[in-house]
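Remarks on the overall topology
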Amino acid sequence: MNTRPLWLQAGALFVALYVALLWARPMITPDEARYGAMGADMLASGEWLKLRLCGFVYYEKPPLGTWLIAASIGLFGHNAFAVRLPCALASAASALAAGGGARRISGRREAAPLAALVQLTTVFPMVIGTVAVLDPIFTAFTSLTLACFLEGATGEHVARRRWLLAAGAAAGLAFMTKGLLAFAIPALAAGGWIAWEGRWRQLPVLAALPIAGAAIVAGPLAWLLHRSEPAFWRYFIEVEHFR
């Protein structure tokens, strides 16, 4: 089956339902104003590892989401479109991840664009995908983690290691967006799948390669952030996660 028309429909819907709506309303306080201000300040100061909101330290979340918003502001100016664009693009990535998972599970090429269409037109992802918060970005990286893991666990042997490393890399980026949930959610989902499929003998490989991928991506970024903000990780892990 020729899937190109379905992919074109998905692309058109994404532009109409996500990109075209980024200008449609004023910024929402406090979240959109907060992330927009932090991104603009980061861009103006050039201090990409200093987490500040109106001059005060901001240790509630890691900086990756703010980095993406700051980069968008640098390209398109300080406006609602630029502040929200990373979240819209992240929603597209989530749709692609859903499509990849559907194709792998069903074995049908047309399942990929159909799943992407369903994801793009589901109400809550559609609404939150045009709001400048971290959830769409975190969801995208988590979705890519699971989609890559599925490819690595069930795909061709030659590419399995690359897919499993990519799953870990996506989890590392999710961690740099919103913390330990980046590892907890995929671990629960993948662990349940491994138990259901009875693949316990493959567990060392299925776990070790994603862990390595996450360490390769998140490790240097986390260390650089620690060098710049020594109190960040203690506060973020201890207070924001467990207290």
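As the structure is a prediction and not an experimental result, all values here were calculated from the model.

Taking 1.5 Å per residue, 17 residues should reach 24 Å; helix H9 (residues 181-197) reaches 24 Å between its end C-alpha atoms and fits that length. For H9, the set of buried residues is Ala182, Pro186, Ala190 and Ile194. When H9 is viewed along its axis, its buried side chains cluster within an angular range of 65° and face the same direction. For H9, the exposed residues set more than 90 degrees away from the buried face come down to Leu188 and Trp196. Check the buried side of H9 and you find it contacts helix H7 (135-154), helix H8 (157-178) and helix H10 (203-228).

On to helix H4 (residues 80-106), then. In this model, H4 (27 residues) spans 39 Å end to end at C-alpha, consistent with the 39 Å of a helix rising 1.5 Å per residue. Of all the bends in H4, the greatest, near 30°, is centred on proline 86. Capping of H4 at its N-terminal end is provided by asparagine 79; its side-chain oxygen lies 3.1 Å from the backbone amide nitrogen of phenylalanine 81.

Here we come to the state of the cysteines. Per the counting criterion, the structure on display carries 0 disulfides. Left unpaired, cysteine 54 is separated from the closest cysteine sulfur, that of cysteine 87, by 19 Å. Take cysteine 54: its relative accessible area is 61%, and that puts it in the exposed class.

Okay, the packing of aromatic side chains next. Applying the stated rule across the entire model yields 11 aromatic pairs. An angle of 85° between the planes, with centres 6.0 Å apart, marks the rings of phenylalanine 149 and tryptophan 193 as edge-to-face. Of this pair, phenylalanine 149 sits in helix H7 while tryptophan 193 is found in helix H9, placing the two residues 44 residues apart along the sequence. Every member of this aromatic cluster is reached through a ring pair, and the members are Tyr59, Phe175, Phe183, Phe232, Trp233, Tyr235 and Phe236. One cation-aromatic arrangement involves arginine 34 over tyrosine 35; the distance from NZ or CZ to the ring centre is 5.4 Å.

Remark: H7 packs on H9, axes separated minimally by 10 Å, with the N-to-C direction vectors making an angle of 30°. Compared by their axis directions, H7 and H9 come out roughly parallel. You can see that H7 and H9 cross each other, and the crossing is right-handed. The segment H7 lies against H9, with Phe138, Thr142, Thr145, Leu146, Phe149, Leu150, Ala153 and Thr154 engaging Leu181, Ala182, Ile185, Pro186, Ala189, Ala190, Trp193 and Ile194. Each residue belonging to the contact of H7 with H9 can be placed in one class, and the counts come to 13 nonpolar, 3 polar and no charged.

Reading guide: rules and limits
The residue count restarts for each chain, going from 1 along the sequence in the order it is written. In keeping with the model being predicted, local features are shown solely for residues with a pLDDT of at least 70 and side-chain atom pairs are shown and tallied solely at 80 or more, while totals for entire chains, interfaces and linings include all residues. Just so you know, side-chain values use all the structure's heavy atoms and leave hydrogens and water out. The numbering of helices and of strands both runs from the N terminus, where a helix is a DSSP run of H or I of at least 4 residues and a strand a run of E of at least 2. Take the number of residues in a helix, subtract one, and multiply by 1.5 Å to get its expected span. Exposure is judged per residue with a 1.4 Å probe applied to protein chains only, and the accessible area is read against the type maximum: over 50% gives exposed, under 20% gives buried, and values in between give partly exposed. In this description, the arc belongs to the directions extending from the helix axis to the C-beta atoms. In what follows, a contact means two residues having at least one pair of non-hydrogen atoms within 4.5 Å. Working definition for bend: take the seven residues up to and ending at a residue and the seven starting at it, fit an axis to each, and measure the angle between the axes. Whenever a nitrogen or oxygen atom comes within 3.5 Å of another N or O atom, the pair is scored as a polar contact, on the condition that within protein one atom can donate a hydrogen and the other can accept it, and that pairs from neighbouring residues in sequence are kept only if both atoms are in side chains. Throughout, disulfides are identified as pairs of cysteine sulfur atoms within 2.5 Å of each other. Any two of the Phe, Tyr and Trp rings considered here, Trp counted by its six-membered ring, make a pair once their centres fall within 6.5 Å; the pair's planes then place it as stacked at under 30 degrees, edge-to-face at over 60, or tilted in between. Should the NZ of a Lys or the CZ of an Arg lie within 6 Å of a ring centre and within 35 degrees of the ring normal, that charge is described as sitting over the ring. Under this scheme, a helix contributes an axis fitted over its contacting stretch, all axes are lines through C-alpha atoms, and angles between N-to-C directions fall in the 0 to 180 degree range. Oblique is the label for every angle not falling under 35 degrees (roughly parallel), over 145 degrees (roughly antiparallel), or within 65 to 115 degrees (roughly perpendicular). The hand of a helix crossing depends on one turn: near helix anticlockwise from the far one by less than a right angle means left-handed, and clockwise means right-handed. Polarity classes work like this: nonpolar for Ala, Val, Leu, Ile, Met, Phe, Trp, Tyr, Cys and Pro, charged for Asp, Glu, Lys and Arg, and polar for all others, with Gly in that last group.

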